[in-house]
Amino acid sequence: QVQLAESGGGLVQAGASLRLSCATSEGSFRNYVVGWFRQAPGKEREFVAAIGRNQDRVVKGRFTISKDNAKKTVFLLIDSLKPEDTAVYYCAADSRIIVSSYSNRNAYDYWGQGTQVTVSS
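For the structure given in this document, a descriptive report is provided here. (Residues numbered from 1 in each chain as written. Predicted model: local features only at pLDDT ≥ 70, side-chain atom pairs only at ≥ 80, totals over all residues. Heavy atoms only, no water.)

1. Here we look at unusual backbone geometry
Part 1: Look at Gln55: it is not a glycine, yet its phi comes out positive at around 70°.
Part 2: Assessed through its relative accessible area of 32%, Gln55 is described here as partly exposed.
Part 3: The phi torsion at Ser80 lies on the positive side, around 50°, for a residue other than glycine.
Part 4: Looking at where Ser80 falls in the secondary structure, it is placed in the loop between strand S8 (73-78) and strand S9 (87-94).
Part 5: Looking at Ser80, the relative accessible area reads 41%, which means it is partly exposed. (Buried < 20%, exposed > 50% of the residue type's maximum accessible area, 1.4 Å probe, protein only. Helix = DSSP H or I, 4+ residues; strand = E, 2+ residues; numbered from the N terminus.)

2. Points about the state of the cysteines
Part 1: All chains considered together, the criterion is met by 1 disulfide.
Part 2: Each disulfide pairs two cysteine sulfurs, and for Cys22 the partner residue is Cys91, the sulfurs being separated by 2.1 Å. Classification of the bridge connecting Cys22 and Cys91 rests on its S-S torsion, roughly 65°, and on that basis the disulfide is right-handed. Of this pair, Cys22 sits in strand S3 (residues 18-24) while Cys91 sits in strand S9, and the two are 69 residues apart along the sequence.
Part 3: Exposure remark for Cys91: the relative accessible area of 0% places this residue in the buried category. (Disulfide = S-S within 2.5 Å.)

Shape is all these values report; function is a separate question.
Now the structure itself:
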């Protein structure tokens, strides 16, 4: 069972940047695709970014995703935060999915508990 733990969320002002972290209990993320999703109150969980085994990336908008295998951590950098970015941000991992499924939340087997990001105007 792969365990994931997100951190780095908090209350920030609009326009700021924030870096979220996703750490794993596994030896590394080398063999996993890691995705970030977010869920705002009353809305469905939506895809934000993903990074694959070979550092290939699929990203939406103002997000930057990176992976540090030595630290067993995947980072999500969010620039120019807006109030509509307010949500719980989740990381997810899976060892089998292909790039065409990176944005599909149903393709991931392992999920963290999420970290809250609140952006004030």
